[in-house]
Structures are given as C-alpha cells and as structure tokens.
Amino acid sequence: MKPNSGPTVDVLIGSPRDSFWETVKVVLKGYYPYQLKHFHSVDEALEATSDNFTPVLALIDGQDGTAKTNEWVQSTKMNYPDSHVIVLHSSAAPLDFNVVKKNGADEIMHINFDREFISDVILQLAPIEMEGDNIPITSLMPVDLRDMEAQVNINFDVYVHLPANHRSVCMRKAGDVVDDRHLEKFKALKQQMYIKKTQMNAFFEYARTVMSLRNIALPVSMTEKFHRSKKSIYEIMAQFLNGAATDYSEGKMILERCRNIIADFELTKDMEASSIFDEIFRFTGNTRTLYHDCICLSAYAAYFAQLLGWSTEKRESAAIAGLLHNIGLSQMPPTVGDKTMKEFSAEELQAYNFYPERSVNMVKAKKVPLPQEIADAIGQHRENNAGTGFPKKLKAEDISEFGKLMALAYRFHEMTALQDSRQATAPVQAISLLKESALSGNGELDLLMTTQVFKKFKA
C-alpha cells in the first residue's frame, strides 16, 4: 500500500499558534491516514460544516490557560460530539486538569514532556493501520527479546527499524513464527524488534502464552512491565503537571505509585553481585526517552546502592530519586520542541541547567513526603566532584553520597543508551571506561564509590 492510498480520517487541530500546528505535524509525521485540518479560532472551528469534515480526533492547544482551553474543548464536543479530544499543554500557563476533563477532554498531555506517549494515546483513541516500509517509528513499540519464543506462532507483525534509511521493514507477519536464528541475530547485534502499537494487546497475549509455556508463576512479560511502568510514570507526571490545588493525600499517592513501580521491577530484591550485573545489563541498549530515563536511572541507582552494601531502605530511596529526577524538564520553554541540546539557545541552555532544582521544587510543591536524602539525590544528579556540574557547581565535599550515586548512575545510563542515532556503548566497556575515568584523577566521578561498585563485576 502506498503511503497516500486507502481510507483516511479527519483530525481537528485547534490553536491560534502556527508553532502548535508545526509541532503536531512533526508528532504525526508519516501517519498518512490522518487528514489534519488547522483551525486558528473557536469561531472558525464552529463554522466548519460537519458534512465535509467529521473529525474522529481533536488536538487542542492548552497553552493559554484553563478558561480558553475549556472554550475550545466545549465548542469541539458540541460541534463534533463523536470526536475524541486531547489537550496538549506546556509550562506556558497553568492548567486545571480536573476542570478541563469535566468539560469533555479525554486526555491532557504535556506537549514536550509527554511526547513519547502522545502517539500511544492518539492511536488508542483513533486507531489506524499503516502498511508498507514507511511506517513511522513512533507508531511502533520495541519488545523485550526475552519475551519471544522461537517456533511459537505470533499474532502480531514483527518489524525492524533502519534508522539510516528512516524505514521500518516488516520481518514477519501475524500467523508466522520467528526462528532461533533471527532471535540470536537480534541479540548479537543489540538490535530492537518492534511491533505496531495497535497490536500491543495481541503481543501481551502472546507473551503470556510464552510465559505459561515456561511455567512462570506470574506470566507478565518484561515488555508489559515496561509499558505498565511507563504508563504509571505518565500518571505520576500528570499529577505534578496538574495546576489544580493539591494536598498531602496527592503527595502520598505519588509516593505509593513510585513504590509500586519499584516493586514491579523488584529493584530492591537481595541478589548476588553477578545477578545484579545481569539485571543492570538488561536495561541497557534502548533508545533514550524521558520516561525510559526514569526507569533506567531508578534501576541503576538501586542496583549500584546494593553493590555498595546500602540498606533496603536506602536502595528504595535511590530508586525513587531515579523515578523523579527529571520532572523539572517539563518546565523547559515550549520552544525546545524537537531540538537537541546542541541546538538550544543560550536562554534555553540556562533553563536546562536548572532542571534538577526545578525537579526538587515540583516534588516539594506536590507535598510528596520524601526524606532529605532523596531531594539531595534529585537535585545533585548532574553535579560532579570537579565542580563543573550543574545546577550549583558543587564540589566533592558538598555533594551527598546519594548525589554521587545518582551522578554515577546517570553517567552509566548516558553511555549505555541509544541517543541521536549514536551507537550505545556496551555495558562492559562502559564499566571499564568509568573505572578508568575515576582512576585518571579528572575528579568528575567519586573514585571510592566508582571502584567499590564496579570491582564486583566479573567479566
């Protein structure tokens, strides 16, 4: 099927800003069945004839505050009652999620921070099928190869993504099988295997069958755990981003959700050093996203803490800090959009350097009952012993043990994850390089902590 053939569906884009329209086009690039129509005002949208335009989905700009957003949402639902409504907001103006949802919004999402989830929700509310080799990577989701079993019939299509060519090629169709040779090749090349997001539930069903065949007591696949945890983090972040009044019960709920994620991944389970490194390596090699960073940093911090001999309570604190470390990035100017750090203006870079402090302030504002050690870990995870980190350029003697632990976990994650099409460093090599860095005396990493964590690794 050619990218421009087949049935199409109408999508309403409501915003006075051309920048919002451009952002939506980037988010939905390659989603060829969607026919986007931009309305600059509520009146313009109300005047559109429903005979020629019947949107199944509306993406509304929520950057002008609660009152204006409500006007857009109410008018859209009145004129197009069958259309689902997603509001995309930013730090430009506070938004009371509770009020906006009461007026008809199906979902409220941060235009930058929630970017990786926007396509998930769009495909959930307005599912479409795309075929061929030009399927956008944002409409696919990676699967954990541990959930695959050779010679078991699949009920989903399997894709491989070719980043150099910007193509996603279908390797196996539903009803086929994946053989051992292909699985070993994917593992050896550290290559991701993808499925369509619209076939997610079919994959989870397949994976549960695989788990049952292996006589696993709780047949929940790693892919489902990751997806479920990312959804939980999305819900936690929504609580932080909601401009509605808050109380201590909401802070307690955020903390409980963090603990549930940590329990789901068994991050504080007592293990031998060799098993800990096996678990650490399972989290490496994936593409960096804001939510994936939360999960990985939580895991590395908890596992490194155990290698240091820290108590279960301190390991949980490290894991919680990992989950909440980057919420301050939601306060970045809306202009950052799809920019890389190299493309940031001086003002944007200055704002970026304060995100750890903003993360701490947002946690405090939501009255999350966290001990000071977690606040220190969040606020100091980008500092280094040489005093060249941010946001406060702290020297070694002023950085807490939790801050030093998080800095090490962040550096390990930065090296071992895919980013901007850069090949991830193999975890064994990353360990070697981090040890060399600590021993070289450049002072960025804490020498004692780094050597104590990695001396237990047996290649």
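Residues numbered from 1 in each chain as written. Predicted model: local features only at pLDDT ≥ 70, side-chain atom pairs only at ≥ 80, totals over all residues. Heavy atoms only, no water.

Visitor: Tell me about the nonpolar core, and please be specific about residues and values.
Guide: Among the nonpolar cores identified, the biggest contains 122 residues, and Phe240, Phe283 and Phe304 are the most heavily contacted of them. Tallying contributions element by element places helix α11 (residues 290–307) first for this core, with 13 residues. With sequence-adjacent residues up to four places away left out, Phe240 is seen in contact with Ile254, Leu324, Ile327, Met362, Val363, Lys366 and Val368. Formed by 23 residues, the second largest nonpolar core is a distinct cluster that contains Ala150, Met193, Tyr206 and Met211. (Core = buried A, V, L, I, M, F, W, Y, C linked by side-chain atoms within 4.5 Å. Buried < 20%, exposed > 50% of the residue type's maximum accessible area, 1.4 Å probe, protein only. Helix = DSSP H or I, 4+ residues; strand = E, 2+ residues; numbered from the N terminus. Contact = heavy atoms within 4.5 Å.)

Visitor: Can you break down the sheet that holds strand β3 (residues 55–61) residue by residue, with the values?
Guide: One open sheet holds the five strands; their spatial order is β2-β1-β3-β4-β5, and the pairing between them is parallel. One side of each edge strand has no neighbouring strand; the edge strands of this open sheet are β2 (34–39) and β5 (107–110). Each strand axis lies, on average, 25 degrees off the axis of its neighbour in the sheet, ignoring direction. Note that strand β1 (residues 9–14) and β3 share five bridges and pair parallel. Residue pairing across strands places Gly14 opposite Ile60, the latter belonging to β3. Strands in contact with helix α5 (residues 115–125) are β2, β3, β4 (84–89) and β5; relative to β5, the strand with the most contacts, it is inclined by about 155 degrees. (Pairing = 2+ DSSP bridges. Axes fitted to C-alpha atoms, helices over the stretch in contact; angles between N-to-C directions.)

Visitor: For the packing of helix α16 (residues 401–416) against helix α17 (residues 427–439), give the residues involved together with the corresponding values.
Guide: Contact pair α16 / α17: the axes reach a minimum separation of 10 Å and the direction vectors enclose 135 degrees. The angle between the axes of α16 and α17 places the two elements in the oblique class. The handedness of the crossing between α16 and α17 comes out as right-handed. Judged by residue contacts, Leu408, Arg411, Phe412, Met415 and Thr416 of α16 engage Pro427, Ala430, Ile431, Leu433 and Leu434 from α17. A class-by-class count of the residues in the contact of α16 with α17 yields eight nonpolar, one polar and one charged. (Parallel < 35°, antiparallel > 145°, perpendicular 65-115°, else oblique. Left-handed = near helix turned anticlockwise from the far one by under 90°. Nonpolar A, V, L, I, M, F, W, Y, C, P; charged D, E, K, R; others polar.)

Visitor: A description of the pattern of salt bridges should follow, citing residues and the corresponding values.
Guide: Pairing between side chains of opposite charge can happen when their charged atoms approach one another. For the coordinates displayed, the defined rule picks out 27 salt bridges. Note that Arg214 and Glu149 form a salt bridge whose closest N and O atoms lie 2.7 Å from each other. Taken together, the residues Arg214 in the loop between α7 (200–213) and α8 (222–241) and Glu149 in the loop between β6 (140–143) and β7 (158–162) connect sequence positions 65 residues apart. Residue class for Glu149 comes out partly exposed when judged on its relative accessible area of 30%. In this structure, Arg257 and Glu235 form a salt bridge, with 3.9 Å as the shortest nitrogen-oxygen distance. Placement of the pair is Arg257 in helix α9 (residues 248–264) and Glu235 in helix α8, with a sequence separation of 22 residues. (Salt bridge = Lys/Arg side-chain N within 4 Å of Asp/Glu carboxyl O.)

Visitor: Kindly report on the environment of Glu250, identifying the contributing residues and their values.
Guide: Of note, Glu250 is situated in helix α9. Sequence separation of Glu250 and Lys173 is 77 residues, and the distance between their C-alpha atoms is 45 Å. Discounting residues that sit within four places of it in the chain, Glu250 has contacts with Gln239 and Lys366. Of note is the side chain of Glu250, whose polar atom sits 2.5 Å from the side chain of Thr246. (Polar contact = N/O pair within 3.5 Å; in protein donor to acceptor, adjacent residues only side chain to side chain.)

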